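Architecture and fold: a report
The residues making up each chain are set out below.
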Amino acid sequence: LPEVIEQLDKYESILTERRATGDKIIASVKSGDSSQVIRQLTDRRRELDNEGRSYLKEIIALQDQSSKYEQAKTDDLINDSIKNLIIDSTLIILFIIIALRLIIRSINRPMQKLNRMVAKLSAGDFTARSNVNSDDELGKLAKTLDSMATDISRLDQTKDEFIGLVSHQLRTPATAV
């Protein structure tokens, strides 16, 4: 801060004069100058001390003011970072929820198709097929169920042919009798 530098320059100039005044006091005492000269020099030294203290107090006040300003800026940055973190976290959570919903849907659709197929098979509709096209475990299960439905359909058709043939063969002798 320029104000602090200005106050420090003033304080340094006082220090120089203060040292010189202290040296004059020592020289005056050694040379046996009058007490009035020594008192004037001591009074000047006190004035310089008081002036130096006032500059130091001003420097401290400016530093406190600067520290408070910097603390306020830091607090604002922290608050902004927390807000951004909350927003980013919320967006990430929403993305995860949407991704999970899509994954669950991609699993549930084939499962629903397989359930409908099994319900039709249990109702006697052996032409039902799963129409699931995937290479995962559900796709393998669907292919197995489709194959099983084809085999059951063939067996059902063979059973119907057999029953038709047996009933025809049994009718012919029964008619003759």
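Reference entry: report on the structure contained in this document. (Residues numbered from 1 in each chain as written. Predicted model: local features only at pLDDT ≥ 70, side-chain atom pairs only at ≥ 80, totals over all residues. Heavy atoms only, no water.)

1. Focus on the overall build of the chain
Regarding its fold elements, the chain presents 3 helices and 0 strands. Each helix and strand of the chain, ordered N terminal to C terminal, gives the series α-α-α. For the chain, whose C-alpha radius of gyration is 51 Å, the value lies well above the compact-globule estimate of 16 Å for 177 residues. Taking as baseline every contact in the chain between residues at least 6 positions apart, the subset at least 24 positions apart corresponds to 56%. (Helix = DSSP H or I, 4+ residues; strand = E, 2+ residues; numbered from the N terminus. Rg over C-alpha atoms; globule rule 2.2 N^0.38 Å. Contact = heavy atoms within 4.5 Å.)

2. Details of unusual backbone geometry
The phi torsion at Asn 131 lies on the positive side, around 60 degrees, for a residue other than glycine. With respect to the helices, strands and loops of the structure, Asn 131 is situated in the loop between helix H2 (35-122) and helix H3 (137-176). A residue is classified by how much of its surface remains accessible, and Asn 131, at 57% relative accessible area, is exposed. (Buried < 20%, exposed > 50% of the residue type's maximum accessible area, 1.4 Å probe, protein only.)

3. Some thoughts on the pattern of salt bridges
In this structure the tally under the stated criterion is 8 salt bridges. With its nearest N and O atoms 3.1 Å apart, the salt bridge here joins Glu 47 to Arg 44. Of the two residues, Glu 47 and Arg 44 are both situated in helix H2; the distance of 3 residues between them amounts to about one turn of the helix. In this structure, a network of salt bridges that share partners links the residues Glu 17, Arg 44 and Glu 47. (Salt bridge = Lys/Arg side-chain N within 4 Å of Asp/Glu carboxyl O.)

4. Topic: helix H1 (residues 2-31)
Here H1 spans 44 Å end to end across 30 residues, near enough to the 44 Å set by a 1.5 Å rise per residue. Positive backbone phi, approximately 80 degrees, marks Gly 32, located one or two places after H1. (Expected span 1.5 Å × (residues − 1).)

5. Focus on a positive patch on the surface
Side chains of Arg 101, Arg 105, Arg 109, Lys 113, Arg 116 and Lys 120 sit close together on the surface and give a patch of like positive charge. By secondary structure assignment, the location of Arg 101 is in helix H2. (Patch = residues over 30% accessible without salt bridge, like charges linked within 9 Å, V, L, I, M, F, W, Y side chains within 5 Å. Areas by Shrake-Rupley, 256 points an atom, 1.4 Å probe, with all protein chains shown as cover. Lys, Arg positive; Asp, Glu negative; His and termini not counted. Charge placed at Lys NZ, Arg CZ, Asp CG, Glu CD.)

6. What to know about the environment of Gly 52
Residue placement: Gly 52 occurs in helix H2. Taking relative accessible area as the criterion, Gly 52 reaches 3% and is therefore assigned buried. On a C-alpha basis, the gap between Gly 52 and Leu 77 in space is 37 Å, while along the polypeptide they are 25 residues apart. Not counting the four nearest positions on each side in its chain, Gly 52 is found in contact with Tyr 11 and Ile 14.

7. Some points on the environment of Ile 107
Mapping Ile 107 onto the fold places it in helix H2. Judged by its relative accessible area of 43%, Ile 107 falls in the partly exposed class.

8. With respect to a nonpolar patch on the surface
Taken together, Ile 92, Phe 95, Ile 96, Leu 100, Ile 103, Ile 104, Ile 107 and Met 111 make up a surface patch of nonpolar side chains, about 770 Å² in accessible area. The topology assignment puts Ile 92 in helix H2. For Ile 92, a relative accessible area of 51% corresponds to the exposed category.

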